[in-house]
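Commentary on secondary and tertiary structure
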Amino acid sequence: MPHYKKPDAGSWTQHYPELGTAPVDYTDSIDPAYYEKEREAVFKRSWLHVGRVERLPRTGSYFTKELPVLNTSLIIVNSGDGKIRAFHNVCRHRGNKLVWNDFPGEETEGSCRQFICKYHAWRYDLTGKLTFVQQEGEFFDLDKADYGLKEVPCDVWEGFIFINLNPQQTLAEYLGDFAKGLEGYPFGEMTEVYSYKAEIGANWKLFIDAFAEFYHAPILHQKQAVKAEAEKLIGFGFEALHYELKSPHSMVSSWGGMSPPKDLNMVKPIERVLRSGLFGPWDRPAIDGLDPLPAALNPAGHRAWGQDSFEFFPNMTLLIWAPGWYLTYLYWPTAVDKHIFEANLYFVPPKNARERLAQELAAVTFKEYALQDANTLEATQTMLATRTVSEFPLCDQEILLRALHKEVGDRVKEYSDASAV
Amino acid sequence: MPLPSEFSALEPYLAWDLATEPERYAKRLASTMDEMQEFYDAAFPLLEDAITFCDKFPLDDLSEEARTVMHLMQSLVMVSFPVEVWKQPRVPDSGAAYLDVIVEPVV
Ligand code: FES
Ligand SMILES: [Fe+2]
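From a predicted model like this one, the values you see are computed outputs, not experimental measurements. (Residues numbered from 1 in each chain as written. Chains lettered and ligands numbered in written order. Predicted model: local features only at pLDDT ≥ 70, side-chain atom pairs only at ≥ 80, totals over all residues. Heavy atoms only, no water.)

Examining the coordination of the iron ion (ligand 2)
Just so we agree on the cut-off: Listed donor atoms are N, O and S within 2.8 Å of the metal (Na, K and Ca: 3.2 Å). As water is not included, a site may look incomplete. Note on geometry labels: four donors, all angles 85 to 135 degrees, give tetrahedral; four donors become square planar and six octahedral when opposite donors are over 155 degrees apart and every other angle is between 65 and 115; remaining cases are irregular.
Of the protein atoms, only His216 of chain A (NE2), His221 of chain A (NE2), Asp373 of chain A (OD) and Asp373 of chain A (OD) coordinate the iron ion (ligand 2), at distances of 2.1 to 2.7 Å. If you look at the iron ion (ligand 2), its four donor atoms make angles of 52 to 142 degrees with each other, and the shape they trace is irregular.

Right, here's the structure in full:
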């Protein structure tokens, strides 16, 4: 018997009949040709989240973003005309990388009045216009207006900056109803940031899989709970409060009985003192916007609501925790069996040492979990690559994985069909 | 930096006065369980007092002593998983996996 009510169709998965219930083919995570198609069919035409507006506080604030999956590097800049713009990070003179420090392959950030190429000092203003050519008279019929930086469509939703090489829809249309339902959440108040990065030896979808189901949580993470509690959790297993798909995006809403726990003996000594843990500080920050919550949060209206995790297609997880903080995960493919994983934790700036240490514990705990999550992946990738088994049964609590692989598959197929004509 | 007398029990552990997560994480991985247990046993009972002490100052304007106390308590948080849960410095089964902190608020 489920503890939480499932849809009348009998299961979350069957509530979305287009998903089917058959085993899922994971060749999509090991086939290099498929990966090349994903780059074209998915990444080069989807809105991709590259950073928060708080990183660009002033006119001229910029950061660069290395995006091997798009085969480019971008400059994202606050151009001062009320806009955030993105440009390919390439000089129009002879192709030097325009903005970099010391190591051309490393991302950088800073603030400037204009971009000056290191090679022959061509200059571009913050809107990308070419403004100065060294020894301009030596060139032949050069009209500076023809040699501005190559701009990439860039737009902002609730402070999240997105870029898209080849948009098929506006950002708002693309993000759809989940995003609309999250508007007004006080993201802008949560400016205390912890960021993490790792190269993961697995296909990008496998890490999304690991974060989009909590079926693994009572097992893989069992040692993180005190023993009696871990046994109880394994006995219950995991059931979400609610799942929802709004193609191509999806979400899962989960229980959060640990923030604060009913019984302090359920948690570790340091958590008892600092009143914090995986779910974040137990005491909510005193800011507006957390009560009532925007409509998209806690869709089941459950008392024990703990967190909602949104998968914004293709590679952004936005996870909002009941105690008033959020995190994002980004998965940037670098090869069929490799990606860069990025995590960003966002808290309301702490007012004192007590709040600061509570956030510290949440951040440290996040990393302990993420390392466990990450390590299963390389092993999975290796075994998938043996092709001993390629079809895997996914359960109802793994519906978001089924949805992700299908969304990618549909796009790859549509793209292949179109290019076959 | 010498510590206020109420925290003198922490004097032997000033090597944990580390401002950033990469430093604290590296020290955790380089320490034995006995070393971390000892530090934990000395620091954990002082956690409440440390918070009370540091909270006499605005967080962005801690005295030198309070900063040291804060760093020691951040290190206590860092060793709490090995000591309370893992019984080893590394996250079990984390193999070669790593996750680098690239942005963090530094006290
Ligand atoms: S390549 Fe940039 S100025 Fe020549
Ligand atoms: Fe996990």
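Here we look at the pattern of salt bridges
Residue and element names in this part refer to chain B. Our working rule: Criterion for a salt bridge: a side-chain nitrogen of Lys or Arg within 4 Å of a carboxyl oxygen of Asp or Glu. Only runs of H or I of at least four residues qualify as helices and only runs of E of at least two qualify as strands under DSSP, and these elements are numbered from the N terminus.
Counted according to the given criterion, the structure contains 28 salt bridges over all chains. Measuring nitrogen to oxygen at the nearest pair gives 3.7 Å for the salt bridge that ties glutamate 64 to arginine 67. Within this pair, glutamate 64 and its partner arginine 67 are both found in helix α4 (residues 64-86), separated by three residues, close to a single helical turn.

A closer look at unusual backbone geometry
Residue and element names in this part refer to chain A. Backbone torsion omega between aspartate 291 and proline 292 reads 0 degrees, so that peptide bond is classified as cis. Here proline 292 lies in the loop between α6 (269-274) and β16 (305-312). At the junction of phenylalanine 313 and proline 314, the peptide bond is cis and its omega measures out at 0 degrees in the coordinates. Structurally, the position occupied by proline 314 is in the loop between β16 and β17 (316-321). In this model, asparagine 71 sits at a positive phi of 60 degrees, which is unusual for a non-glycine residue. Along the chain, asparagine 71 turns up in the loop between β3 (61-67) and β4 (72-78). Here the phi dihedral of arginine 387 falls at roughly 60 degrees; this positive angle occurs in a residue that is not glycine. The residue arginine 387 is located in the loop between α7 (353-385) and β20 (391-392) in this model.

Thoughts on the packing of helix α3 (residues 204-212) of chain A against helix α8 (residues 399-420) of chain A
All names here are of chain A. Formally: For every element, the axis is a line fit to its C-alpha atoms; helices are fit only across the contacting stretch, and the angle between N-to-C directions ranges from 0 to 180 degrees. Convention used here: angles under 35 degrees read as roughly parallel, angles over 145 as roughly antiparallel, angles from 65 to 115 as roughly perpendicular, and any remaining angle as oblique. Handedness of each helix crossing follows the sense of rotation of the near helix against the far helix: counterclockwise by less than a right angle gives left-handed, clockwise gives right-handed. Working rule for contacts: check all heavy atoms of both residues, and any pair within 4.5 Å makes them a contact. Three classes are used, and their members are as follows: Ala, Val, Leu, Ile, Met, Phe, Trp, Tyr, Cys and Pro are nonpolar, Asp, Glu, Lys and Arg are charged, and the others, Gly among them, are polar.
It is at 9 Å that the axes of α3 and α8 come closest, and there the two elements cross at 155 degrees. Judged by the angle between their axes, α3 and α8 are roughly antiparallel. Between α3 and α8 the crossing geometry is right-handed. In contact with Trp204, Lys205, Ile208, Asp209 and Ala212 of α3, α8 contributes Leu400, Leu401, Leu404, His405 and Val408. Considering only residue class, the contact of α3 with α8 consists of seven nonpolar, one polar and two charged.

What about the packing of aromatic side chains?
Residues and elements named next belong to chain A. As a reminder, the rule being used: Note on ring pairs: Phe, Tyr and Trp rings are taken, using the six-membered ring of Trp, and paired if centres are within 6.5 Å. Classes follow the plane angle, with under 30 degrees stacked, over 60 edge-to-face and the rest tilted. Residue exposure (1.4 Å probe, protein chains only): buried if accessible area is under 20% of the type maximum, exposed if over 50%, otherwise partly exposed.
Following the criterion strictly, the structure yields 35 aromatic pairs over all chains and no others. On the numbers, 4.6 Å between centres and 25 degrees between planes, the contact of phenylalanine 207 with phenylalanine 211 is stacked. In this pair, phenylalanine 207 and phenylalanine 211 both sit in helix α3, four residues apart, roughly one turn of the helix. For phenylalanine 207, a relative accessible area of 1% gives the class buried.

Some words on the sheet that holds strand β15 (residues 249-255) of chain A
Rules: If DSSP finds at least two bridges between two strands, the strands pair.
Taken together, the eight strands give an open sheet; going across it, the order is β14(A)-β15(A)-β16(A)-β17(A)-β18(A)-β19(A)-β13(A)-β1(B), and neighbouring strands pair in antiparallel fashion. The open sheet terminates on both sides in strands that have one partner only, identified here as β14 (242-246) of chain A together with β1 (100-103) of chain B. In this sheet, adjacent strand axes meet at a mean angle of 20 degrees when their direction is disregarded. Pairing of strand β13 (residues 192-200) of chain A with β1 of chain B involves three bridges; the strand directions are antiparallel.

Topic: the environment of serine 61 of chain A
Residues and elements named next belong to chain A. For serine 61, the location among the structural elements is in strand β3. For the pair serine 61 and valine 77, spaced 16 residues apart in sequence, the C-alpha to C-alpha distance is 5.8 Å. For serine 61, the contacting residues outside a window of four places in its chain are Arg55, Leu56, Ile76, Val77, Asn78, Gly110 and Ser111.

Brief notes about the sheet that holds strand β10 (residues 151-152) of chain A
Residue and element names in this part refer to chain A. If you trace the five strands from one edge of the open sheet to the other, you get β6-β3-β4-β5-β10, paired in antiparallel fashion. Edge positions in the sheet fall to β6 (109-111) and β10, since each has one partner strand and no second. In the sheet, β3 pairs with β6 via three bridges, with the strands oriented antiparallel. Note on β6: the bridge partner recorded for phenylalanine 63 is glutamate 109.

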